[in-house]
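Observations on the three-dimensional arrangement
The chain contents come next:
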Amino acid sequence: MTNSERALQLLGLVRRAGKLVTGESFVMAAVRDGSAKMVLMANDAGKTSQKQFRDKTASYDVQLNEDFTKDQLSTAIGSARTVIAITDPGFVRKLQQLLAK
């Protein structure tokens, strides 16, 4: 099993733990209020969404990851989403370790 597959499995665990924010407006609110520790955006998201989330995460100093597609993110969390945010720093550290290898 590759590290990216492990990372996607971890996203399912994050969702079950209740540490995942889904939906563009909810993720944007989490970035603004500081609860989002990492945002994962599908690399095949629309151009407007990409610009919006790149700009907002940069201005609020939130890590942005674009390694996965819509299908991969949606399958990992069990619902169709383009943008998700992780609110737990421990899960973010583990995800960073898996994606760095």
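Refer to the preceding data block for the structure.
Residues numbered from 1 in each chain as written. Predicted model: local features only at pLDDT ≥ 70, side-chain atom pairs only at ≥ 80, totals over all residues. Heavy atoms only, no water.

1. Brief notes about the pairing of strand β2 (residues 38-41)
Along a regular strand, successive side chains alternate from one face of the sheet to the other. We count it as follows: Only protein chains enter the accessibility calculation, which uses a 1.4 Å probe; a residue whose area is less than 20% of its type maximum is buried, one above 50% is exposed, and one in between is partly exposed. Comment: elements are numbered from the N terminus, with helices defined as DSSP H or I runs of at least four residues and strands as E runs of at least two. With the strands pointing away from the viewer, any crossover whose connection runs clockwise from the first strand over the helix to the second is right-handed.
Judged by which residues are buried, β2 turns out to be covered on both faces: Met38 and Leu40 on one side and Val39 and Met41 on the other are all buried. For the crossover from β2 across helix α3 (residues 47-59) to strand β3 (residues 63-65), the handedness is right-handed.

2. Describing the nonpolar core
What counts, and what does not: Residue types Ala, Val, Leu, Ile, Met, Phe, Trp, Tyr and Cys, when buried and joined through side-chain atoms within 4.5 Å, form a set referred to as a nonpolar core. Residue contacts are counted whenever heavy atoms from the two residues lie within 4.5 Å of one another.
Counting residues in hydrophobic clusters, the biggest one holds 19 residues, and the most contacted among them are Leu11, Leu40, Leu73, Ile84, Ile86 and Leu95. Top contributing element to this core by residue count: helix α1 (residues 3-16), with 5 residues. Among all residues touching Leu11, those that are not within four sequence positions of it are Leu20, Leu40, Leu73, Ala76, Ile77, Ile84, Ile86 and Leu95. Among the nonpolar cores identified, the runner-up in size contains 13 residues, and Val21, Val27, Ala30 and Phe53 belong to it.

3. Some points on the packing of α1 against helix α4 (residues 70-77)
As a reminder of what qualifies: Whenever a helix is involved, its axis is fitted only over the stretch in contact; in every case the axis is a line through C-alpha atoms, and angles between N-to-C directions fall within 0 to 180 degrees. Our angle categories are set so that under 35 degrees counts as roughly parallel, over 145 as roughly antiparallel, 65 to 115 as roughly perpendicular, and the remainder as oblique. Handedness of a crossing follows from how the near helix is turned relative to the far one, being left-handed for an anticlockwise turn of less than a right angle and right-handed for a clockwise one. In this classification, the charged set is Asp, Glu, Lys and Arg, the nonpolar set is Ala, Val, Leu, Ile, Met, Phe, Trp, Tyr, Cys and Pro, and all remaining amino acids, among them Gly, are polar.
Where α1 contacts α4, the axes come no closer than 7 Å and their chain directions differ by 45°. One way to sum up the angle between α1 and α4 is to call them oblique. The handedness of the crossing between α1 and α4 comes out as right-handed. Across the interface between the two elements, Leu8, Leu11, Gly12 and Arg15 of α1 pack against Gln72, Leu73, Ala76 and Ile77 of α4. When grouped by side-chain class, the residues that make up the contact of α1 with α4 number 5 nonpolar, 2 polar and 1 charged.

4. Structural notes on the pairing of strand β4 (residues 83-86)
Test applied: Whether two strands pair comes down to DSSP finding at least two bridges between them.
In β4, alternate side chains face the same way, and those of Val83 and Ala85 on one face and Ile84 and Ile86 on the other are all buried. Here 3 bridges tie strand β1 (residues 20-22) to β4, and the two strands are oriented antiparallel to one another. Pairing of Val21 across the sheet is with Ala85, part of β4.

5. Regarding the environment of Asn43
Take Asn43: it is sitting in the loop between β2 and α3. Separated by 25 residues in the primary sequence, Asn43 and Phe68 place their C-alpha atoms 6.0 Å from one another. With residues up to four places along the chain from it excluded, the contact list for Asn43 reads Gln50, Glu66, Asp67, Phe68 and Thr69.

6. Overview of the sheet that holds β4
Taken in spatial order, the 4 strands of this open sheet run β1-β4-β2-β3, and their pairing is mixed. The two strands at the open ends of the sheet, each matched to only one other strand, are β1 and β3. Each strand of the sheet is rotated relative to its neighbour by a mean of 20°, with strand direction disregarded. Here β2 runs beside β4; their pairing, made up of 4 bridges, is antiparallel. By the bridge assignment for β4, Met41 is matched with Val83. Here helix α2 (residues 24-33) sits on the sheet in contact with β1, β2 and β4, set at roughly 130° to β1. Each of β2, β3 and β4 touches helix α5 (residues 89-100); the most contacted strand, β2, lies at about 50° to it.

By themselves, these are just geometric observations and shouldn't be taken as functional.
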